[in-house]
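Per-entry structural report
What follows is the residue order along each chain.
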Amino acid sequence: PAKTMDELVSLCKRRGFIFQGSEIYGGMQGAYDYGPLGVELKNNIKSAWWRSMVYERDDVEGLDAAIVQNKHVYKYSGHEDTFTDPMVDCHECKSRMRADHMKDIKVCDNCGSDNVTEPRDFNLMFKTNVGPMVNEESYTYLRPETAQGIFTNFKNVVDSTSRTLPFGIAQIGKSFRNEITPRNFIFRVREFEQMELEFFCKPGEDEKWHDTWVALRKQWWLDQGLAEENIEFEYVTGDDLAHYSKSTVDILYKFPHGFEELEGVANRTDYDLGSHTKAQDEFGLSAKVKKNEHSTAKLAIRDLEANKWEVPFCIEPSAGLDRGLLAIMTEAYTEEKLENGSSRIVLKFKPHLAPIKVAIMPLKKNKPEIVALAKELKNKLQKLGLGRILYENTGNVGKGYRRHDEVGTPICVTVDFDSIEKEGAPVTVRDRDTMEQITVPAADLPAYVINYFIN
Ligand code: ATP
């Protein structure tokens, strides 16, 4: 794994994974842009999550809700009142910091001065104005988590799919938090993506489902290549619990800056549906909720056995996509000493996550038959639907291997004179991890590649 954030940041920029946001204007703190390879990696992580959450289960539906929602969503979700971090200002150097991240809240982390303010609450939501008129009522917020769109659509999903408990709703999308101190590259940013599942179950079965989801989520991260010894659980208690949570287990990963939260798995009880439902008094809610004067829908489900309507409990595994990508990059980063004394950097991604699946390189860039066969193979492999297949005509295969090691391409295929002259049109297939090269008849390449990626 990577030892420092700097080596990751440098590789990410050099090879086109991640760039500083607004870089040409001096950058913007807490904002990053994903480059040609970053966007592929991100998409691959999202599809792996979606596959395991939606396609491979029969009790989860997908959703993609709007980012900009009615301000009442955040009034009743509790975010308007309580989604705050404690902030401290330094009178000397004018820096601002998050109190619960400071070494000592009486001393500035930046300049060491003790001339600092008392901690005060700072709301993390970005406020924005909707429509051309600006007045007291025209504001709302960018969502600070995707979850609320799931709760507000609970009735729509139940009515349109006839789901009964237990079942879940999964969603991937952008969230925004005006973090006081974004830091550690893409670990803490102001605009990020979340992959969230809200899993609804009967009260009383919540603790069992909570344990189940903690275990399932850990296994998923292992399946994405994270090593067991780099994952830890943290049981969140007391003041650190979010306003909606009965209990939370954080899944931590050993990032270059230490063990930190990668995903939180929370037992949100009946807090959210109970907060957003109309007729709250009918349900004997267990959570303490604000009285709702605006909702037009009953967010409850019929218990057929007991023949009554009830508000389900909810277990939420909430993973950060950007943090996930950082963890996967950290884990994949490998510096290897080679037999000839030189060294190489390899990103040992699991094949399904690799931004480029196969690179096809003609050995001679000016030989029309070689070029034609290479292009034909690229088109054939691209049709398999595995992800990006790159045709790369630089004529320098050695350099190509080096570059593809660094971006984690599992397979490089070279097309040379043998491929156009010998019977069976053999092409050379080179493996990223073993660096072994074998020859495969061109006609068998699609089957070879499918077998490699789908097992
Ligand atoms: P932290 O304590 O690190 O601020 P949190 O406990 O507030 O995180 P949650 O509200 O549980 O985070 O959000 C769920 C997930 O969303 C986190 O586990 C993380 O992966 C991701 N996430 C939250 N805030 C950020 C951020 N500012 N930048 C990147 N990812 C984030």
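Described below are features of the structure shown in this document. Keep in mind the model is a prediction, meaning the values are calculated, not measured. (Residues numbered from 1 in each chain as written. Predicted model: local features only at pLDDT ≥ 70, side-chain atom pairs only at ≥ 80, totals over all residues. Heavy atoms only, no water.)

1. Digging into the overall build of the protein
We apply this condition: Helical segments are the DSSP runs of H or I of at least four residues, strand segments are the runs of E of at least two, and each set is numbered from the N terminus. Burial classes: relative accessible area under 20% of the type maximum marks a residue as buried, over 50% as exposed, and values in between as partly exposed (1.4 Å probe, protein chains only). By definition in these notes, contact holds between two residues if any of their heavy atoms fall within 4.5 Å. Only the protein chains shown count as covering a residue, and every accessible area follows the Shrake-Rupley method with a 1.4 Å probe. When charges are counted, neither His nor the chain ends are considered; positive counts come from Lys and Arg and negative counts from Asp and Glu. Just so you know, the charge point we use is NZ for Lys, CZ for Arg, CG for Asp and CD for Glu.
Looking only at helices and strands, the protein features 13 helices and 23 strands. Projected onto the principal axes, the alpha-carbon positions of the protein cover approximately 80 × 65 × 50 Å. Within the protein, buried positions represent 52% of all 455 residues. In the protein, 63% of the contacts between residues at least 6 apart in sequence involve partners at least 24 apart. Summing over all exposed atoms, the protein offers an accessible surface of approximately 21700 Å²; the carbon and sulfur share of this is 48%. Charged side chains in the protein number 59 positive and 72 negative. The centres of these two groups are separated by 5 Å.

2. Here we look at the site of the ligand
Our working rule: Proximity is defined per residue: if any heavy atom of the residue lies within 4 Å of a molecule or strand, that residue is considered near it. In protein, a polar contact means a hydrogen-donor-capable atom and an acceptor-capable atom, both N or O and within 3.5 Å, with residues adjacent in sequence counting only if both atoms are side-chain atoms; elsewhere, any N or O pair within 3.5 Å suffices. Classes in brief: Ala, Val, Leu, Ile, Met, Phe, Trp, Tyr, Cys and Pro nonpolar; Asp, Glu, Lys and Arg charged; the others, Gly included, polar.
Neighbouring the ligand are 15 residues, the closest being Glu179, Arg188, Val189, Glu261 and Leu262. Within the backbone of Gly320, an N or O atom sits 3.0 Å from an oxygen atom of the ligand. Relative to its unbound accessible area of 590 Å², the ligand is 84% covered by the protein chains. Residue assignment for the shell around the ligand shows that the elements contributing at least two residues are β10 (191-201), β13 (258-269) and β16 (313-320). With four residues, the single largest contributor to the shell around the ligand is β13. Among the residues making up the shell around the ligand, the classes are represented as four nonpolar, four polar and seven charged.

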